[in-house]
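Here is how the chains run, residue by residue.
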Amino acid sequence: MVEPSHLRSSINIPFFQCVDIGIKISHHTLKYVPNNEGSGATFCFWFFLTEQYAGKQRTILCKGSKDDFSHSIILDSDSNHVLVSIKTKTSTITGVSVTEIPLHKWTHVLCVIKSTEILLYLNGILDYKMSAEPHLNKKPIYIGSGPDETNSWKSFIYDFIYCPYPSSIDVNTFYQESLNQLLNAVPVQTLKSNPKMITTSSPIRSLKELMRWRPNVDPINISTTPLRTRSSIKKQKLIHCHDMMGGYINHSDSQSLGGSRLHCYNFRFWQYIDIFVYFSHYRVTIPPPGWIEAAHSNGVKVLGNFITEWEEGELELIKLLDGPDASFDKDASDQPLYTKYADLLVELASYYKFDGWFINIESKLPNARYAIKLKNFVEYLTEKMHHSQSESLVIWYDSIIDTGELKWQNELNKSNKMFFDVCDGMFLNYFWKPDHLERSMHTAGDSRRYDVYAGVDVWGRGTFGGGMFNSIKAIQEAFCNHLSMGLFAPAWTLESVAHHRVDDSDGSDRRVMQSFIDNENLFWHGKHFSELVIAEGQPTLEGWEVKSGGDGWKIEGDEFVSSYEECVLSRLVHVREFDQLLINVWYKGTAPNFLDSFRSIVRLNDKDNSIIQVIDSEELTASEGWKNICNILNLPSSGFSVEWCLLAHDVEKWKGHYGTRIKGASVVGYNFDSKLPCIHDVIKSYDAVYDSCFCTCFNVGMGYCYSVNGVKVSNKPWNNMRLQQPLPNKILPRSHDLYIQLSNDHNSFNGSSCLYIKGVTKSVIPLFDLKMIMSSETMVYLTVKDLNENCNAHLALSLTDHNGVVHNVLVEHFVHQMDDEGWITNVYKLSNYNNHILTQISLTCGGEDSYEFCVGQIKICALEGAPRVEPVEDLRYECTWNSKSLDDGDVNFTDVNLYWKAPKQKHYYRIYRDGCFIAECASNCYLYEDVSDASCVFVVQPVLEATLEVGDKYQLNVFAI
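Here is a short report on the structure shown in this document. (Residues numbered from 1 in each chain as written. Predicted model: local features only at pLDDT ≥ 70, side-chain atom pairs only at ≥ 80, totals over all residues. Heavy atoms only, no water.)

Turning our attention to the sheet that holds strand S53 (residues 916-921). The four strands lie next to each other as S53-S52-S55-S56, forming an open sheet whose pairing is antiparallel. Both outer strands of the open sheet, S53 and strand S56 (954-959), are each paired with one neighbouring strand and no more. Going across the sheet, the axis of each strand differs from the next one's by a mean of 25°, ignoring polarity. Two elements, strand S55 (residues 935-944) and S56, share six bridges in a ladder whose sense is antiparallel. When the sheet's bridge partners are listed, Ser 935 is paired in S56 with Phe 959. (Pairing = 2+ DSSP bridges. Helix = DSSP H or I, 4+ residues; strand = E, 2+ residues; numbered from the N terminus. Axes fitted to C-alpha atoms, helices over the stretch in contact; angles between N-to-C directions.)

And the structure:
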């Protein structure tokens, strides 16, 4: 038996961090080399894992390069299982540990490679054993990553030992000795560390990972908002299929506690859509809780996405149908349908509280028999979903046909109808023409034609009408054919203006978000328009001032092509009686290197030619596909001019025309005299049903700061769709005499936004359509901040009695309550309307003088029987050691996990640390990172979502590890 001291006298590295390139150890660095070198190997180490898996394998140890190694220890890509790979003379054999490596816990790993078998021990216990005849080499050992790997990941290793022979030590004795050394050497905080709370929403990347999924691992991602009832059900429906930047965006929707930037897809037009699909190209897309809760609050169902694509997806698809041990046999499919994956999809939807699945199969099947099995899978999934959730949906995407071929039909026909027949609907591919829709309507029949969703790619890729702001043309065509509609990637309204922004250091996020909001209003509600100022179409240099760098500009078809030095197109546009300009252009690179340069600069000048506003895209990098820039300029009056400058060149600087290509440069002028067709014109908006309370502070779910009861408590930007509150579902009127908007730039009462109103004439402003049964006594609250003491604001309520008679009630006799920040809360008790139905909330304001004010809160709540705020119970904490402690040996950093009992109804929770506001969250747990004090005090204060009633503060003393 080899003594542990001899084993330790080989290679011994005390403590280091695996990150980036890792550590290389050559054979000549061995302190102790026994005579039987090469007959086997023994290696061991303590391992402290600090990061969860993210779809990529993580090398701990590799002897040799990735393509020429003898053995390696790797963490799996979709779990924290240990993979032990051994090269033999003929193949590579890989074993998988039974146990996963836990996060933020020290784990001892010992591997013994013998001539005929490999043994893996975890914490002194044999975990896995496999037979193999290893073929070892004398290559260097790489720790942290191999020589040809670039993956960056963080973890810690202590007491790494490697011996080039198969040790026969007593494992338990060696483990105890090593444990004693660990306890005396590593930072004591790492020994007391608890797992760090998972605060991100993430997909499932493979069927293997799906099989390993278990509930209760990330309670923070469970939605707490039930699906709200709507007052009516439309026959023709609208799907919003949200595909943006690959999904799970780091600074916004993947963050279950909210992101720290303004830049986010802050959707606000829930009243028009029926179904929200969160789409990505991962195998199983689980919708983040922010989207589930915002949608459910507005009565919108949310679907996850299951997808297989191309050749890699073919193997997964066979496993889906035949089971995880299936082989790819193109001649047969004799096994019974494998149902475990469908059962897990049902369990996922139930656990995270979303409403079904969008099935997108874009990898071909071997034959028609497999197509039948796929149909059976969809049928089984649909039945199980309906049994689990009666209102659930399974929607099929037009892709696979009955032969098993991948053939998009762009219609419902006999080739794909067998899938449609066993689920709740089909989303048609985007390349349809009107005759496709007509045939689809007849194929579906009168009873199911509204279950056919005509797909429209909002980016305009091959779609009817051209997409973008013309997407309305496709919607009109679908509705004329008595079908429903599916919008793919409506976040074009943000992506087309977002470009490459990565931070908000220069205020770019703020400018991007304003352009996004303008685009959203134009897309969903339309803007009043007049005419094209510069029409897109066949390009001509006429009207443009040309600066020709290199070989100058060249016209190819409908494109301008730049050369190897900077080429400039500039144009002066004299603005007539327009209120707004929409400035639009497309650009892409030219082969072989598509990464060409492009820049757009828009300058707004007054009548004296002085610059008032500049919109500069800065230098952008083109790509192989077309990219879009869309700017909206609001014009204060006539007599202005706009100078538009487009700059481009070829990064390779080749002679000729290999630079950026430009097309579709146009300027459209709008005014308020007529209206552009929009979704609002075609699709009837929904109104939601409220039980006994309606309350909103107009919180849109993002902002530049945060206020609590009118007091600003934070100046940090943030986004969190879980905190979005009811927003006006009526089109806010706008004219030269009245300006009204949801504003993040003015005062807020709770959250970051308010309703800002400025006008000169008396106005009645419809805000909300809804349904709420009134009680015998109802309290009405209106909170405003009057900016010039002339607002004269009151609520006007429309109430319908049991005979259908509408009573319009102006609520104007208030008791006033004013706070130190200038917010006035008007309180009124409304009686004599028991069992009347509240159907509309409007606001009246103004009089003889101009006015300017902010609306911070509207609250209408039954005096008796309304829900009450629940106390915070079982408040507790756990601490996690933070690796930043190694960067500064004098400071210990701790992450604090806060937990409390889940309430029966949805609450928001305000989190304070040592008296300072930290954040507001919508779950019963919170993670606070980087605590450097030995102790601190956290306070959690509940706020009931239905009434915004604030509860008592609950204090917790926290002691760092």
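So much for the structure itself; the text now carries on.
This next bit is on the side chain of Ser 496. Topologically, Ser 496 is positioned in helix H12 (residues 492-498). Discounting chain neighbours no more than four positions away, the residues touching Ser 496 are Trp 459, Asn 519, Asn 628, Ile 629 and Cys 630. (Contact = heavy atoms within 4.5 Å.)

Right, let's get into the sheet that holds strand S42 (residues 763-773). Each strand in a sheet pairs with another by means of backbone hydrogen bonds, the pair being arranged parallel or else antiparallel. Strand order across the open sheet formed by five strands is S34-S42-S48-S44-S45, with mixed pairing between neighbours. Single-partner strands in this sheet number two, and they are strand S34 (688-690) and strand S45 (806-811). Strand-to-strand twist in this sheet, taken as the mean axis angle between neighbours without regard to direction, amounts to 30°. Note: S34 against S42, three bridges, orientation parallel. Bridged to Val 689 within S42 is Lys 771.

Looking now at the packing of helix H6 (residues 310-322) against helix H8 (residues 368-388). Angle between the axes and distance between the axes: these two values describe a pair of packed helices. H8 packs onto H6 with a crossing angle of 65° between their chain directions and a minimal axis gap of 10 Å. Like other packed secondary-structure pairs, H6 and H8 cross with a definite hand, here left-handed. For the pair H6 and H8, the contacting residues are Leu 317, Ile 318, Leu 320, Leu 321 and Asp 322 in the first and Tyr 370, Lys 373, Leu 374 and Phe 377 in the second. Counted by class, the contact of H6 with H8 contains seven nonpolar, no polar and two charged residues. (Left-handed = near helix turned anticlockwise from the far one by under 90°. Nonpolar A, V, L, I, M, F, W, Y, C, P; charged D, E, K, R; others polar.)

Moving on to the side chain of Asn 481. Looking at the secondary structure, you find Asn 481 in the loop between helix H11 (471-480) and strand S21 (484-488). A distance of 2.9 Å separates a polar atom in the side chain of Asn 481 from the backbone oxygen of Glu 477. Apart from the residues within four sequence positions on either side, Asn 481 is in contact with Pro 434, Leu 437, Glu 438 and Met 441. (Polar contact = N/O pair within 3.5 Å; in protein donor to acceptor, adjacent residues only side chain to side chain.)

With seven of seven residues buried, strand S4 (residues 58-64) lies mostly within the body of the structure. Inspection of the sheet shows S4 paired to strand S5 (residues 69-75) by six bridges, in the antiparallel sense. Directly across from Gly 64, in S5, lies its bridge partner Phe 69. Two elements, S4 and strand S11 (residues 141-143), share three bridges in a ladder whose sense is antiparallel. Bridging across to S11, Lys 63 finds its partner in Ile 141. (Buried < 20%, exposed > 50% of the residue type's maximum accessible area, 1.4 Å probe, protein only.)

A few words now on unusual backbone geometry. Here the amide bond leading from Ala 591 into Pro 592 is cis, since omega sits at 5°, within 30 degrees of zero. As for its placement among the helices and strands, Pro 592 is situated in the loop between strand S27 (580-588) and strand S28 (597-605). Backbone geometry at Asn 410 places phi at a positive 65°, although glycine is not the residue there. Position of Asn 410 among the secondary structure elements: in the loop between strand S18 (393-397) and helix H9 (417-420). A positive phi is found at His 482, a non-glycine position, where the angle reads about 60°. With respect to the secondary-structure elements, His 482 resides in the loop between H11 and S21.

Attention now goes to H6. Three- or four-residue spacings in an α-helix give side chains the same orientation, since the helix completes a turn every 3.6 residues. With 13 residues, H6 extends 19 Å between its outermost C-alpha atoms, agreeing within 8% with the 18 Å of an ideal straight helix rising 1.5 Å per residue. Elements in contact with the buried residues of H6: helix H4 (207-212), strand S16 (301-309), helix H7 (340-352), strand S17 (356-362) and H8. Immediately downstream of H6, the backbone of Gly 323 shows phi near 110°, a positive value. (Expected span 1.5 Å × (residues − 1).)

This part takes up helix H10 (residues 434-444). Listed as buried for H10 are His 436, Leu 437, Ser 440, Met 441 and Ala 444. On an axial view of H10, the arc spanned by its buried residues comes to 140°, and they lie on one face. Residue Gly 445 follows H10 closely and has a positive phi angle near 85°. (Arc of directions from axis to C-beta.)

With that settled, consider the state of the cysteines. Applying the stated rule across the entire model yields one disulfide. Two residues, Cys 693 and Cys 861, share a disulfide whose sulfurs are 2.4 Å apart. Taken together, the residues Cys 693 in strand S35 (residues 693-696) and Cys 861 in strand S49 (residues 851-862) connect sequence positions 168 residues apart. Look at Cys 693 and you get buried, because its relative accessible area is 7%. (Disulfide = S-S within 2.5 Å.)

Turning to the pattern of salt bridges, a few remarks are in order. One pass over the structure, following the stated rule, counts 37 salt bridges. Asp 274 serves as the salt-bridge partner of Lys 234, at 4.0 Å between the closest nitrogen and oxygen. Of the two residues, Lys 234 sits in the loop between H4 and strand S13 (238-242) while Asp 274 sits in the loop between S13 and strand S14 (275-278), which places them 40 residues apart along the sequence. For Lys 234, a relative accessible area of 13% gives the class buried. Exposure remark for Asp 274: the relative accessible area of 9% places this residue in the buried category. One salt bridge connects Glu 949 with Arg 868, and the closest N-O pair in it is separated by 3.0 Å. Taken together, the positions of Glu 949 in the loop between S55 and S56 and Arg 868 in the loop between S49 and strand S50 (876-881) put the pair 81 residues apart, joining distant regions of the chain. Judged by relative accessible area, Arg 868 falls into the exposed class, the value being 56%. Each of the salt bridges in this network shares a partner with another, and the network as a whole consists of Asp 76, Asp 78, Lys 208 and Arg 212. (Salt bridge = Lys/Arg side-chain N within 4 Å of Asp/Glu carboxyl O.)

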